[in-house]
Amino acid sequence: MVRVAILGATGYTALELIKILLRHPEAEITTLTSRSEGNPHVASVHPQLAGRIDLRMEDLGPVAVAARAQCVFSCLPHGASATVVPHLLSAGARVIDFSADYRLASAAAYADWYGQKHPDPERLGKVVYGLPELFREQLRSAELVANPGCYPTSAILALTPFIKAGLIDTTDIIVDSKSGISGAGRTPKLTTHYPECNESISAYNVGRHRHMPEIEEITSRASGRDVKVIFTPHLVPMDRGILSTIYARPSGELSEERALAALRKFYENEPFVRVVDHLPGTKDSVDSNFCDITARMVRGRLITISCLDNLIKGASGAAVQNFNLMYGFPETTAL
């Protein structure tokens, strides 16, 4: 059994992570942390867990956490995670970080997009990005994993097969994505207040969403090509799910049949990517670790459609997939 801890255990992704790990035959949750007053029982924060796990949330430092756990899942916010990760690693723990703190390779890019100085800049560019479909072998020996963003997972998986094969112009890509409200997190905000978001779809952070450089950097890293995208996210009045519609200009002759064949070939041995003929919807992948992808040709443009559950394949499911690779378990365990 691998002893695991979850930092910042009050959020939606932490809840999904706990639910997955409770059915993992090789994982034992030993520690949940939170800054909540009074060390609340996990079931008082997440009533779904009543009778399933008997732990209280504690406000512990990284050294104390590492003494109890071999693997730490950090669900702390951007900026906060990188202040504790170095101490966890020094104490001998392996870490899967849900924040964006280690996804980008440059401290300057991080400061530009996240508006703050990086707490641990020396590690940037050396951390394995936690997308098994692209970086599986590096993940097996990783001590620190940068778990992907939810929007980027949907876009990177849909784009990389075409970019690696040289089938599309890498400087003319539009990623149009829709996400359920849970993607904004559990902390109350005006934009996710029920009367504000119900019966309304809205775009936000147009041209300045933090996931845009992540999509560009990881697709470039995976393909060896310079990639530029325009990324526009939208908030949709549903609990969970992401659907990304991606527009690209082919670099040569490309048929719909060839596009689908390229996707199938690239993902033929991947347990959690389903290349489908139909137009997938978010309900097809909700509550699962699957990403469903298809492609169409319309007036000379390649349109790729990708959908997944933002809390599972877009966060906690991907983290457990990474955990399985790091510890040599079958990749699909508990998923």
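Below is a short write-up of the structure. In this numbering scheme, every chain counts its residues from 1 along its sequence in written order. Totals for whole chains, interfaces and linings use all residues, but because this is a predicted model, local features are given only for residues with pLDDT of at least 70 and pairs of side-chain atoms are given and counted only at 80 or more. Only hydrogens and water are removed before side-chain values are computed, so all heavy atoms of the structure are retained for them.

Turning next to the overall build of the protein. Scanning the protein for helices and strands turns up twelve helices and 14 strands. Using C-alpha atoms as the atom set, the radius of gyration is obtained and then compared with a globule rule of 2.2 Å times the number of residues to the power 0.38. For 335 residues, the compact-globule estimate of 2.2 N^0.38 gives 20 Å, and the C-alpha radius of gyration of the protein, at 19 Å, lies within 12% of that figure. Dimensions along the principal axes, computed over C-alpha positions, put the protein at roughly 60 × 45 × 40 Å. When accessible area is computed with a 1.4 Å probe and restricted to protein chains, residues below 20% of their type maximum are described as buried, those above 50% as exposed, and intermediate ones as partly exposed. Every one of the 335 residues in the protein was classed for burial, and the buried ones make up 56%. Only DSSP runs of H or I reaching four residues or more are called helices, and only runs of E reaching two or more are called strands; each is numbered from the N terminus.

Our working definition of a disulfide is a cysteine sulfur pair at a distance within 2.5 Å. All told, the structure shown has zero disulfides when counted by the stated rule. Here Cys197 is not disulfide-linked; the sulfur of Cys150 is the nearest cysteine sulfur, at 16 Å. Residue class for Cys197 comes out buried when judged on its relative accessible area of 9%. Of the cysteine sulfurs around Cys307, a residue in no disulfide, the closest is that of Cys291, at 6.9 Å.

Every case where a carboxyl oxygen of Asp or Glu lies within 4 Å of a side-chain nitrogen of Lys or Arg is listed as a salt bridge. Within the structure shown, the criterion is met by 19 salt bridges. Across the pair Asp176 and Lys178 runs a salt bridge whose closest N-O atoms are separated by 2.4 Å. We note a salt bridge from Asp309 to Arg240, for which the minimum N-O separation is 2.9 Å. Linking Asp309 in the loop between β14 (301-308) and α12 (312-326) with Arg240 in the loop between β10 (229-235) and β11 (242-250), this pair joins segments that are 69 residues apart in sequence. Since its relative accessible area comes to 0%, Asp309 is described here as buried. We classify Arg240 as buried; its relative accessible area is 18%. A network of salt bridges, in which partner residues are shared, links Glu16, Lys19, Arg240, Asp287 and Asp309.

Attention now goes to the packing of aromatic side chains. Working definition: a ring pair exists when centres of Phe, Tyr or Trp rings (six-membered ring for Trp) sit within 6.5 Å. Plane angles under 30 degrees give stacked, over 60 give edge-to-face, the rest tilted. Across all of its chains, the model carries nine aromatic pairs by this definition. For the pair Tyr110 and Tyr114, a centre-to-centre distance of 5.0 Å together with 15° between the ring planes defines the contact as stacked. A residue pair is termed a helical-turn pair when its members lie 3 or 4 positions apart in one helix, as Tyr110 and Tyr114 do in helix α5 (residues 107-114) at four residues. Each member of the pair, Tyr110 together with Tyr114, is buried. Site record: aromatic cluster; members linked through ring pairs are Phe73, Phe323, Tyr327 and Phe329. Two conditions define a charge located above a ring, namely a distance within 6 Å from the ring centre to NZ of Lys or CZ of Arg, and an angle within 35 degrees of the ring normal. Positioned above the aromatic ring of Tyr327, the side-chain terminus of Arg94 is 4.8 Å from the ring centre. Positioned above the aromatic ring of Phe290, the side-chain terminus of Arg274 is 4.0 Å from the ring centre.

Any functional reading would require information beyond the geometric quantities listed.
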